[in-house]
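# Structural overview for review
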Amino acid sequence: MSKEKSEFLDVDPNFATKAIHVGSEPEQWHSWAMVPPISMATTFKQMSLDNSKGYEYGRLDNPSRAVLQKCLAALDEAKYGLCFASGLGAMTALVSLFNSGDHVVCGDDIYGGTNELLREVVSRLGIEISYVNTTDVANIAKAIKPNTKLIYCETPTNPTLKVTDLRKVAELAKSKNILTAVDNTFLTSYFQRPLNLGIDVVLYSLTKYMNGHSDAMMGALVTSNEEIYKRLKILQNAMGIVPSPFDCAMVTRGLKTLAVRMREHMSNALKVGQFLEKHPAVEKVLHPGLPSHPQYELTKSQTSGHSGMLSFYLKGGLEESRKFFKAIKIFALAASLGGVESLAELPTLGAHLHVPAKQKAEQGITDNLIRLSVGIESIDDLLEDLDQALKAATS
Ligand SMILES: Cc1ncc(COP(=O)(O)O)c(C=O)c1O
């Protein structure tokens, strides 16, 4: 398999091949099945008291999970992948690496559920968290304390699509011996590979694009750091946050079409973004692939494309937003993202409902901020749907 380029502007030329074949090699199964059999077993016969065939108990490890973990690692050009019962399950394992008295510097614009986990659970356990705007790495530098153990961010952020310079974050963290982790759910390993930019751990909600069909819930952590991997593997088992073998098979199947799906998501979302920018009912569009985005150049330097995610400010307030959601026909008002179907949500009443009002105001999460997960339906149908809903909202 040819080596990845260190410059990150091109899509990995081997990505689609790896997504289809790595982990799924037929020769490993007695039947030589082209598609990995689902192994539902929770326990495995051992050869002797001190000799097993690699698997012992389902929570510890499982052949269907192993297939997926191998593929996930390959796609990020990492050594190790670990799957968890959800994206937040992966985050729970990640923060469990740290102890009471440790300090975390965290992006201030993160998925609402991650925000809630950090505020409601992690802070109570004595881990201190500073929320900063990571789009300026100087803010991270200022927040670092002697007990800082982790720098964590999403890029692009959910839902305001802000971009953080991952090379600079990695450089800063390495100079201070601090671990870095990035939520790469929006772009996936197809468009962005943070480990190649110097980041230590990548987090995924596989529930989104990686599975891509809105029918499995799972998360993952990917790393090449052996020590961190070993500690996370212990946590995966000890905390019991493991996915079912069936769901692992679903995500393994989803990954096989990730490259094609992401190209379609990107194409459709760019067209939607361009359309919205010209629409009289729209105040502003947030999409890192549009030249109007403040970090358009930075984005091009660290990603090879864009997902189906964008947000926009509708002209008006809550009333107009309500009318928009009532009028959409193909776009569905629904939580989540990254499936083949187009979804729309109002973050302030959806995923970010429990984020403190002050933090939402600072992030620009207002009553007229609408987030779209643009699917892979026919683009003309999507544009027509948005057009009629925007007209209904502002008439
Ligand atoms: C960016 C991001 N990270 C993490 C998560 C959490 O993932 P899960 O819902 O699989 O726990 C989500 C869920 O929406 C998300 O959007």
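Quantities reported herein were computed from a predicted structural model and do not represent experimental measurements.

Let's shift gears to the site of the ligand. Taken together, 13 residues lie around the ligand, and Gly87, Leu88, Asp183, Ser205 and Thr207 are the ones closest in. Ser205 is positioned such that a nitrogen or oxygen atom in its side chain is 2.8 Å from an oxygen atom of the ligand. Protein burial of the ligand: of its 400 Å² of free accessible surface, 94% is covered by the chains. Taken together, the residues that form the shell around the ligand break down as 4 nonpolar, 6 polar and 3 charged.

This part covers the domain arrangement of the chain. Taken domain by domain, the chain consists of domain 1 (15-255) and domain 2 (260-394). Computed over C-alpha atoms, the centres of domain 1 and domain 2 are 26 Å apart. Each partner contributes to the interface: domain 1 provides 40 residues, whereas domain 2 provides 40 residues. For the pair domain 1 and domain 2, the two sides together bury roughly 3100 Å², of which 54% comes from carbon and sulfur. Summed over the shared surface of domain 1 and domain 2, the result is 0 salt bridges. Inspection of the domain 1/domain 2 interface yields 25 residue pairs in polar contact (both at pLDDT 80 or more). If you list the elements that add at least two residues to the side of domain 1 that touches domain 2, you get α4 (112-122), α6 (166-175), α7 (188-191) and α9 (245-255).

Basis of the calculations
- Residues numbered from 1 in each chain as written.
- Predicted model: local features only at pLDDT ≥ 70, side-chain atom pairs only at ≥ 80, totals over all residues.
- Heavy atoms only, no water.
- Near = heavy atom within 4 Å.
- Polar contact = N/O pair within 3.5 Å; in protein donor to acceptor, adjacent residues only side chain to side chain.
- Areas by Shrake-Rupley, 256 points an atom, 1.4 Å probe, with all protein chains shown as cover.
- Nonpolar A, V, L, I, M, F, W, Y, C, P; charged D, E, K, R; others polar.
- Domains from an automatic or database assignment.
- Contact = heavy atoms within 4.5 Å.
- Buried area = accessible area lost by both parts, 1.4 Å probe.
- Salt bridge = Lys/Arg side-chain N within 4 Å of Asp/Glu carboxyl O.
- Helix = DSSP H or I, 4+ residues; strand = E, 2+ residues; numbered from the N terminus.

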